[in-house]
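Fold and contact review
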Amino acid sequence: MRIAIFGAGAIGCYVGGRLAHAGADVVLIGRPRMGDALAQGLHLTDYRGADLHLPPLPFATGPEAVKDATLVLICVKSQDSAQAAAQLSTHLPPAAILVSFQNGIGNAAALSQALGRPVVPGMVGFNVAWMGGGHFHQGTQGDLHIEESPRLNEALFARAGLPLHVHDDMQPVMWGKLMLNLNNAINALSGLPLKDQLGQRDYRRCLAAAQEEYLDLCRVADQPLARLSPLPAAWLPGVLRLPDRLFALLARQMLAIDPKARSSMADDLTLGRKPEIDAINGEVARLAKRLGRSAPVNQRLMALVEEASHSEPRRTWSGRELLQTLQSA
Ligand SMILES: NC(=O)c1ccc[n+]([C@@H]2O[C@H](COP(=O)([O-])OP(=O)(O)OC[C@H]3O[C@@H](n4cnc5c(N)ncnc54)[C@H](OP(=O)(O)O)[C@@H]3O)[C@@H](O)[C@H]2O)c1
């Protein structure tokens, strides 16, 4: 199996590296600066203490490198999907399986439409942070989820320590993940690691408000949400609003996050990249519009992240300040 990773960033390098460590033939396709960063090889660590060192993997900066692939994992941010499809279209081998491991709801369908062939929807249920150089760190537990696709080599993923959870229908999984991803914007605006941010009740109240708005819209739209955390989705806002001590006691698993972990949207703001906000909070705003309703909390979060991505120096928000601005939305 020759695997091409299109979009060598946090997820692409981590998943590609673990598959290579399990014996797969992997090529990473990414930007020249990532090629330079990986020149000394990959260092993959996780919250359980795994510590893997790999020699440099084949690295390419152009889409031609997919030409012999039997499996292509698309790991670019949602806003880069259209360009990825345009670049890949003339180079993809006809028999290759394509998988989108991206957040948001519509990437696999959009890629599939642009490429005129099936793209299997996938979802990454854990956090990976780029620690600099070739070091990528999985900071939370979680698995890979994927739509049933008979030709996928599930045993390889299991050997890599990334077992695939196979679903008949990925839509409830993607919508369920979107609800958890509503914290990405709050984490990015806080400027804090995830564990510190989620440890503070005011930030959790912000998340609860964004999630409640979302749950309400999903109820109206009859959109089922897969259960991706120990608690049912509908209970999350109530638990998030608990005082810190009670929350720490009841939601132990939610705080079982490596102190280094942060959302990739936080990295986007730090590194001056376009944040993946439209595919997340923007999806909530679009759902509201389709239903003839509004989503003021998610729209305000979207505006704040967009503003932060254009301002220098970047403002960070305390939990209290953010809560006040969301309550007035
Ligand atoms: N990181 C996480 O913890 C996590 C967890 C679950 C799901 N996800 C999802 O996984 C997806 C990838 O996230 P990520 O955190 O891995 O993003 P990332 O670190 O930004 O990685 C994407 C990489 O792809 C590169 N790229 C974009 N277009 C390209 C092109 N046409 N050719 C070559 N390289 C290209 C980007 O370069 P530029 O920056 O220069 O564009 C970037 O280096 C997102 O949808 C994200 O929401 C992430």
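From a predicted model like this one, the values you see are computed outputs, not experimental measurements.

Section: the side chain of Asp267
With respect to the helices, strands and loops of the structure, Asp267 is situated in helix 11 (residues 264-270). Here Asp267 falls in the buried class, since its relative accessible area comes to 10%. At 2.4 Å, the side chain of Asp267 and the side chain of Arg262 are in polar contact. When residues no more than four places from it in sequence are discounted, the contact partners of Asp267 are Trp130, Arg262 and Arg273.

Quick word on the domain arrangement of the protein chain
Each domain of the protein chain was delimited in the assignment, giving domain 1 (2-167) and domain 2 (171-327). Computed from C-alpha atoms alone, the centre-to-centre distance between domain 1 and domain 2 is 25 Å. Every contact between the two is made by 22 residues of domain 1 and, on the other side, 27 residues of domain 2. Overall, the association of domain 1 and domain 2 removes approximately 2100 Å² of surface from exposure, summing both partners, and the carbon and sulfur fraction of that is 56%. Summed over the shared surface of domain 1 and domain 2, the result is one salt bridge. Of the charged contacts in the structure, one is a salt bridge between Lys77 and Asp268, with a shortest N-O distance of 2.6 Å. If you look at where domain 1 meets domain 2, you find ten residue pairs in polar contact (both at pLDDT 80 or more). When contributions to the side of domain 1 that touches domain 2 are tallied by element, the ones reaching two or more residues are strand 8 (120-124) and strand 9 (128-132).

Things to note about the site of the ligand
Close to the ligand lie 26 residues; Arg33, Gln87, Asn103, Val128 and Glu276 are nearest. Arg31 has a polar side-chain atom sitting 3.1 Å from an oxygen atom of the ligand. Of all the secondary structure elements, the ones that give two or more residues to the shell around the ligand are helix 1 (10-21) and helix 3 (81-88). Of the residues that constitute the shell around the ligand, the class distribution is ten nonpolar, nine polar and seven charged. Counting contributing residues, the shell around the ligand receives three or more from each of domain 1 (2-167) and domain 2 (171-327).

About the criteria used
Residues numbered from 1 in each chain as written. Predicted model: local features only at pLDDT ≥ 70, side-chain atom pairs only at ≥ 80, totals over all residues. Heavy atoms only, no water. Helix = DSSP H or I, 4+ residues; strand = E, 2+ residues; numbered from the N terminus. Buried < 20%, exposed > 50% of the residue type's maximum accessible area, 1.4 Å probe, protein only. Polar contact = N/O pair within 3.5 Å; in protein donor to acceptor, adjacent residues only side chain to side chain. Contact = heavy atoms within 4.5 Å. Domains from an automatic or database assignment. Buried area = accessible area lost by both parts, 1.4 Å probe. Salt bridge = Lys/Arg side-chain N within 4 Å of Asp/Glu carboxyl O. Near = heavy atom within 4 Å. Nonpolar A, V, L, I, M, F, W, Y, C, P; charged D, E, K, R; others polar.

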